[in-house]
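# Per-entry structural report
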Amino acid sequence: MEKKEKNNKGLIVIIIFLVIALVGTSGYIVYDKVIKKEEPIKEKKDKPEEKEPVVREITEAEKTTLLNQINDYTTYFADSYPLSEKSSFNNQDVLYFTSMQLENRFSDFMESDLEKVLEKYFGKDHSYVHEDIDCFAGDGVLYKYDSAKRTYEYEDMHAHGGKTIYRSTVFFVEGKSEDDTTYKIQTQILYTTSAGDTVGPRDRYYTSANQEYDDYILGPYGEDHEVTEEEYQSIKNKIPITTFTFEKDEDNNYGLKSVTIA
């Protein structure tokens, strides 16, 4: 009798275990098939698509403006090409160049007059410091800066001619605008003899402002000569591409960022 009771107890334990296992399995199935399906599915957030830059050909008006600026830079900086904003744009050079673009150069002018022209050529974000502008010849100050009056006063004591300038003919090759902000202008430039205290005829042309006198690509002509389109076409494959990169700011200034030669 006692043995039978023990068997019954063992059977009861097995039945209870099976019931618990069955309930557990059923609960998992209900959770997995019903409750879990009802949980909101988290949507994956797509990464914002990177927009392709909008590149276009520059307009005729933009071309005219930028070529005029390129001619101005080349007049004073040609011997320093290539240029980069961080390594090549010396504060004194920028101030001197800007002062030479003023209508009232070689006279007194306001700080604000200089700033307006400087921003036109180098952009509003160009870092500069107002200070005396030294004479290129190393014989003292050319423009004395007065921080109290915010003026530049011309020092008329320099008994010599002007700084050497570089005469050139700039040929437009291609101009692209990226997102109406970055502008890349490809040019080919022919240089003639530079001008300083004396100005000679344009009787020979070079592919660099730093070439030797007799290392010309066109000429000599024996008299003043302007390069013709036919002459340019005949040698253009021998002229390097000089690329000017600009950034346009909110005030429509085209600030020069770099000049590369390839």
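The preceding data block contains the structure.
Heads up: these notes are all about the structure in this document. Just so it is clear, the structure is predicted and the values come from calculations on it, not from any experiment. (Residues numbered from 1 in each chain as written. Predicted model: local features only at pLDDT ≥ 70, side-chain atom pairs only at ≥ 80, totals over all residues. Heavy atoms only, no water.)

## Considering the overall build of the protein chain
Heads up, the condition is: In DSSP terms, a helix is any run of H or I states spanning at least four residues, a strand is any run of E spanning at least two, and both are numbered starting from the N terminus. For each residue, the accessible area found with a 1.4 Å probe, counting protein chains only, is set against the maximum for its type, and the residue is called buried under 20%, exposed over 50%, and partly exposed in between. Only heavy atoms enter the contact rule, under which two residues are in contact if any of them lie within 4.5 Å. In short, Shrake-Rupley with a 1.4 Å probe defines the accessible areas, and a residue's cover is counted only from the protein chains shown.
Along its length, the protein chain carries six helices and 10 strands. Looking at the protein chain as a whole, 31% of its 262 residues qualify as buried. In the protein chain, once contacts between residues fewer than 6 apart in sequence are set aside, the share between residues at least 24 apart is 54%. Approximately 17100 Å² of the protein chain is accessible, and the part contributed by carbon and sulfur atoms is 51%.

## A few points about the nonpolar core
Proteins that are soluble and globular tend to have nonpolar side chains buried together. This is how the line gets drawn: By convention a nonpolar core is built from buried Ala, Val, Leu, Ile, Met, Phe, Trp, Tyr and Cys residues, the set being connected through side-chain atoms within 4.5 Å.
Counting 40 residues, the largest nonpolar core has Tyr73, Tyr81, Phe122, Tyr152, Phe244 and Phe246 as its most contacted members. Put simply, the parts of the chain that give this core at least two residues each are α2 (60–77), α4 (91–100), α5 (111–122), β5 (141–146), β8 (182–191), β9 (242–248) and β10 (254–261). Counting residues per element, this core draws most heavily on α2, at six residues. Contacts of Phe244, omitting those with residues within four sequence positions, involve Ile70, Thr74, Tyr81, Tyr183, Lys184, Ile185, Thr187, Ile189, Leu256, Ser258 and Val259. In terms of nonpolar packing, the next biggest core, distinct from the first, is built from eight residues, Leu218, Val227, Tyr232 and Ile239 among them.

## Looking at the pairing of strand β6 (residues 151–154)
Applicable threshold: For two strands to pair, DSSP has to find at least two bridges joining them.
Note that strand β3 (residues 109–110) and β6 share two bridges and pair antiparallel. For Phe109, the partnering residue across the bridge sits in β6 and is Tyr152. Across four bridges, β5 lies against β6 in antiparallel orientation. By the bridge assignment, Lys144 is partnered in β6 with Glu153. Connecting the antiparallel pair β5 and β6 is a turn made up of four residues, with Arg150 showing a positive phi of about 60°.

## As for the packing of aromatic side chains
Centre distance and the angle of the planes are the two values used to describe a pair of aromatic rings. We apply this condition: Aromatic rings from Phe, Tyr and Trp, taking only the six-membered ring of Trp, are treated as a pair when their centres fall within 6.5 Å; an angle between ring planes under 30 degrees marks them as stacked, one over 60 as edge-to-face, and anything in between as tilted.
Applying the stated criterion to the full structure yields 20 aromatic pairs. Ring centres of Phe97 and Tyr121 lie 5.2 Å apart, and the angle between their planes is 90°; this geometry places the pair in the edge-to-face category. Of the two residues, Phe97 is situated in helix α4 and Tyr121 in helix α5; the sequence distance between them amounts to 24 residues. A ring pair is formed by Phe109 and Tyr152, whose centres lie 5.1 Å apart and whose planes are at 20°; its orientation type is stacked. Here Phe109, found in strand β3, pairs with Tyr152, found in strand β6; they are 43 residues apart in sequence, far enough to count as distant. You can call Phe109 buried: its relative accessible area is 3%.

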